Amino acid sequence: MVLFCGARDIRKLNKMKIKKIALFAFVIASLALFTNCSQNGNAKTDKSKPVAKTDTAKKKSGDTTVAAAPVTYPPINHAQYDSLMKKLAHGDTTGKWPVKNAPYPLPGAILPYKRVVAFYGNLYAKRMGILGEIPPKEMLAKLKGEVKNWEKADPTTPVQPALHYIAVVAQGDPGKDGKFRYRMPFKQIDTVLSLAKKSGSIVFLDVQVALSNIHAELPLLEKYLAMPQVHFGMDPEFSMKDGVTHPGRKIGTYDAADINYVSDYLAKLVRKYNLPPKILIVHRFTEKMVTNYKNIKLHPEVQLVMDMDGWGEPDLKEGTWRYFIHNQPVQFAGFKLFYKNDIKK
């Protein structure tokens with residue numbers, strides 16, 4: 001499972017009239033849960049080397065220098081892996097979970113061995129999530145508390161804390177290039193990396209492309225994604241394919257081809273820098289946010305999580321999960337909970 005806390009500007013939600021379509025979007029100070037439903041005993045065996053090493057080169061980003069010490073991971077125990085995936089399918093009887101014919105991951109994979117508990121947001125905005133809503137020291141203490149809660153609730157599954165940072169934010173201002181997105185300065189990402197190090201967290205860098213595109217935005221973050229502890233998230237809601245509609249006026253979309261581009265890119269980085277597998281998060285809360293899901297390709301180097309995004313009362317969220325995540329399996333799956341907006345009437 002992966003647990004996220006995030007938020008979105010309520011004004012954007014009102015403009016999109018989310019409730020009219022019985023769906024939801026990120027809201028203030030949220031909490032999200034990813035349930036890892038995936039791979040079975042028929043999974044393809046990875047033919048790569050049985051162990052992997054993390055990148056050992058030093059990387060400078062702003063005032064932060066990261067030097068990854070060599071790490072050797074044990075080979076994947078296929079029987080153990082299959083057992084954990086079956087457990088995470090929660091007794092599913094539809095035949096959809098665990099996902100069939102998915103590849104085993106490279107050594108060093110986080111899923112399904114750990115539950116990822118992540119706080120979502122942006123350091124510039126208190127309205128985009130718990131990560132930026134409260135002071136860093138308080139935020140990390142709250143994250144630590146949530147980790148303990150999940151450890152108590154399920155002692156059999158270790159918890160991996162995470163910070164999920166929106167590195168490219170869709171905005172109402174067109175900016176100099178007219179793309180309606182703002183790229184966070186690298187010093188902000190460095191700050192998140194520093195906070196993550198203090199809390200033993202991994203990091204997700206999330207991108208809202210607006211009128212730009214994922215091909216333009218992803219490569220700009222490569223120096224961070226070359227780090228073993230940094231993973232990636234992509235948000236179809238603010239991917240405005242027509243190149244005209246302003247983000248927030250309607251819900252955007254990604255096709256399988258877009259997801260495959262990102263997955264291929266991350267897989268190449270894993271091989272290039274001898275990294276453990278990356279986790280790729282794809283947010284979703286409508287049918288059209290992700291098209292041609294059956295064409296999404298899986299890699300041993302990348303663990304793909306479809307995140308049931310959005311806010312609302314339990315019955316509403318469970319229905320959305322059932323239609324758009326459970327019934328359209330890709331590899332791993334997620335569920336997001338919101339501290340405040342999930343309890344609104």
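Residues numbered from 1 in each chain as written. Predicted model: local features only at pLDDT ≥ 70, side-chain atom pairs only at ≥ 80, totals over all residues. Heavy atoms only, no water.

Asks: Can you help me understand the packing of helix α4 (residues 136-153) against helix α5 (residues 186-199) in this one?
Replies: Geometrically, a packed helix pair is captured by the angle between its two axes and the distance between the axes. Where α4 meets α5, the axes come as close as 11 Å, and the angle between the chain directions of the two elements is 45 degrees. As the angle between them shows, α4 and α5 are arranged oblique. Between α4 and α5 lies a crossing whose hand is right-handed. From α4, Pro136, Met139 and Leu140 reach across to α5, where they touch Leu195, Lys198 and Ser199. For the contact of α4 with α5, the per-class residue count stands at 4 nonpolar, 1 polar and 1 charged. (Axes fitted to C-alpha atoms, helices over the stretch in contact; angles between N-to-C directions. Helix = DSSP H or I, 4+ residues; strand = E, 2+ residues; numbered from the N terminus. Parallel < 35°, antiparallel > 145°, perpendicular 65-115°, else oblique. Left-handed = near helix turned anticlockwise from the far one by under 90°. Contact = heavy atoms within 4.5 Å. Nonpolar A, V, L, I, M, F, W, Y, C, P; charged D, E, K, R; others polar.)

Asks: Whenever I open this one, the pairing of strand β9 (residues 230-234) confuses me. Can you help?
Replies: The side chains of a regular strand alternate between the sheet's two faces. Burial analysis of β9 places 5 of its 5 residues in the buried class, which makes it a mostly covered element. Both faces of β9 are covered, namely the face carrying Val230, Phe232 and Met234 and the face carrying His231 and Gly233. Where strand β8 (residues 202-207) and β9 come together, 5 bridges link them in parallel fashion. Looking at the pairing, Val207 lines up with Met234 of β9. Of the pairings in the sheet, the one linking β9 to strand β11 (residues 278-284) comprises 3 bridges and is parallel in character. Each bridged residue has a counterpart across the sheet, and for Gly233 the counterpart in β11 is Ile281. (Buried < 20%, exposed > 50% of the residue type's maximum accessible area, 1.4 Å probe, protein only. Pairing = 2+ DSSP bridges.)

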